[in-house]
Amino acid sequence: QKEVEQNSGPLSVPEGAIASLNCTYSDRGSQSFFWYRQYSGKSPELIMFIYSNGDKEDGRFTAQLNKASQYVSLLIRDSQPSDSATYLCAASNFGNEKLTFGTGTRLTIIP
Amino acid sequence: EPEVTQTPSHQVTQMGQEVILRCVPISNHLYFYWYRQILGQKVEFLVSFYNNEISEKSEIFDDQFSVERPDGSNFTLKIRSTKLEDSAMYFCASPNTSGESDTQYFGPGTRLTVL
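Residues numbered from 1 in each chain as written. Chains lettered and ligands numbered in written order. Predicted model: local features only at pLDDT ≥ 70, side-chain atom pairs only at ≥ 80, totals over all residues. Heavy atoms only, no water.

S.K.: Go over the overall build of chain B, please, and point to the residues and values.
M.R.: A count of helices and strands for chain B gives zero helices and 11 strands. Beginning at the N terminus, the succession of helices and strands in chain B can be written as β-β-β-β-β-β-β-β-β-β-β. Against the globule reference of 13 Å for 115 residues, chain B gives a C-alpha radius of gyration of 13 Å, in line with a compact fold. With respect to the three principal axes, the spread of C-alpha positions in chain B is 40 × 25 × 25 Å. Put simply, chain B has 115 residues, and 45% of those count as buried. (Helix = DSSP H or I, 4+ residues; strand = E, 2+ residues; numbered from the N terminus. Rg over C-alpha atoms; globule rule 2.2 N^0.38 Å. Buried < 20%, exposed > 50% of the residue type's maximum accessible area, 1.4 Å probe, protein only.)

S.K.: Can you lay out the state of the cysteines for me, pointing to particular residues and giving the numbers?
M.R.: Scanning the model with the defined rule gives two disulfides over all chains in all. Between the sulfur atoms of Cys23 of chain A and its disulfide partner Cys89 of chain A the distance amounts to 2.1 Å. What sets the handedness of the Cys23 of chain A and Cys89 of chain A disulfide is the S-S torsion sign, and at about -75° it is left-handed. Taken together, the residues span a long stretch of sequence, with Cys23 of chain A in strand 3 (residues 19-25) and Cys89 of chain A in strand 9 (residues 85-92) at a distance of 66 residues. On the basis of relative accessibility, which here comes to 2%, the residue Cys23 of chain A falls in the buried class. Linked covalently through their sulfurs, Cys23 of chain B and Cys92 of chain B form a disulfide whose S-S length is 1.9 Å. On the sign convention where negative is left-handed, the bridge of Cys23 of chain B and Cys92 of chain B, at about 75° about the S-S bond, is right-handed. Taken as a pair, Cys23 of chain B in strand 3 (residues 19-24) and Cys92 of chain B in strand 9 (residues 88-95) lie far apart in primary sequence, 69 residues in all. (Disulfide = S-S within 2.5 Å.)

S.K.: I'd like a description of the nonpolar core, backed by residues and values.
M.R.: Tyr36 and Phe101 of chain A together with Trp34, Tyr35, Tyr90 and Phe106 of chain B are the most contacted members of the largest nonpolar core, which has 39 residues in total. One finds Val4, Trp35, Ala91 and Leu107 of chain A within the second-largest nonpolar core, a separate group that totals 23 residues. (Core = buried A, V, L, I, M, F, W, Y, C linked by side-chain atoms within 4.5 Å.)

S.K.: Please set out the interface of chain B and chain A residue by residue, giving values where relevant.
M.R.: Taken together, the contact pairs 23 residues of chain B with 25 residues of chain A. Across the contact surface, chain B and chain A share one salt bridge. With a shortest N-O distance of 3.0 Å, Lys98 of chain A and Glu56 of chain B are connected by a salt bridge. Joining chain B to chain A, the criterion identifies six residue pairs in polar contact (both at pLDDT 80 or more). For the side of chain B that touches chain A, the elements supplying multiple residues, two or more each, are strand 4 (31-37), strand 5 (43-50), strand 9 and strand 10 (104-106) of chain B. (Contact = heavy atoms within 4.5 Å. Salt bridge = Lys/Arg side-chain N within 4 Å of Asp/Glu carboxyl O. Polar contact = N/O pair within 3.5 Å; in protein donor to acceptor, adjacent residues only side chain to side chain.)

S.K.: How would you explain the packing of aromatic side chains if you had to name every residue and give the values?
M.R.: Each aromatic ring pair is described using two quantities: the centre-to-centre distance and the angle formed by the ring planes. All told, the structure shown has 16 aromatic pairs over all chains when counted by the stated rule. Geometrically, the ring pair formed by Phe101 of chain A and Phe106 of chain B is edge-to-face, given 5.9 Å between the ring centres and 80° between the ring planes. Taken together, the residues Phe101 of chain A in strand 10 (residues 100-101) and Phe106 of chain B in strand 10 connect one chain to another. Here the two residues Phe101 of chain A and Phe106 of chain B agree in accessibility, since each one is buried. Each ring, one from Phe32 of chain B and one from Trp34 of chain B, has its centre 5.7 Å from the other, and the planes form 85°; the classification is edge-to-face. This pair shows no difference in class: Phe32 of chain B is buried, exactly as Trp34 of chain B is. (Phe/Tyr/Trp six-rings, centres within 6.5 Å; stacked < 30°, edge-to-face > 60°.)

S.K.: Could you give an account of unusual backbone geometry, naming the residues involved and the relevant values?
M.R.: Here the amide bond leading from Gly9 of chain A into Pro10 of chain A is cis, since omega sits at 10°, within 30 degrees of zero. Backbone torsion omega between Thr7 of chain B and Pro8 of chain B reads -10°, so that peptide bond is classified as cis. Following the sequence through the fold, Pro8 of chain B ends up in the loop between strand 1 (5-7) and strand 2 (10-13). A positive phi is found at Asp78 of chain A, a non-glycine position, where the angle reads about 45°. Along the chain, Asp78 of chain A turns up in the loop between strand 8 (71-76) and strand 9. Asp78 of chain A sits in the partly exposed class, given a relative accessible area of 40%.

Pasting the structure below:
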């Protein structure tokens, strides 16, 4: 059974600070990792994907992957109130396979 | 971001009735997925569809569920006899066409309420 685990939160971060979201996965065969943002009542919105060990940066977002530790993280710099949402971590094997999601971490940015 | 569309946005039905949920994925891609999310729970995989055939399905996707491609662009998810526990958001997802074949983009979802 493939599992993706996230701390459900809520995680509260002051505006302008760095928000750090974490995720672990159980299946060593997982190769691709994704972070989605989900506002209440809306669909998941893709933010970042990462395939290789190390860091990947895109604007205010940095995804980090450590396959040896089976650990994925998302850093959000200069947090804004609009970043308040639930962040979903997902994993898949290569080749257009299904996504396995975690339960999500609810992030609140405090003005 | 590439756009996936779904209709209806909200479907209310009586237990035991059939429902058909529709999706138009990103054009010209062979892969297609259906997921569901029960309120307050995680997003769960239902079925993947490749080149007009089911490529994988989950334990949730039992005989009450079916997926079809009635024409070249639309996909449907049919639930033959709905149960109360089928109440959920149903999302279709599609990879984009720019070569990032592992990245799935989600449609806005259909909220299914079974009474």
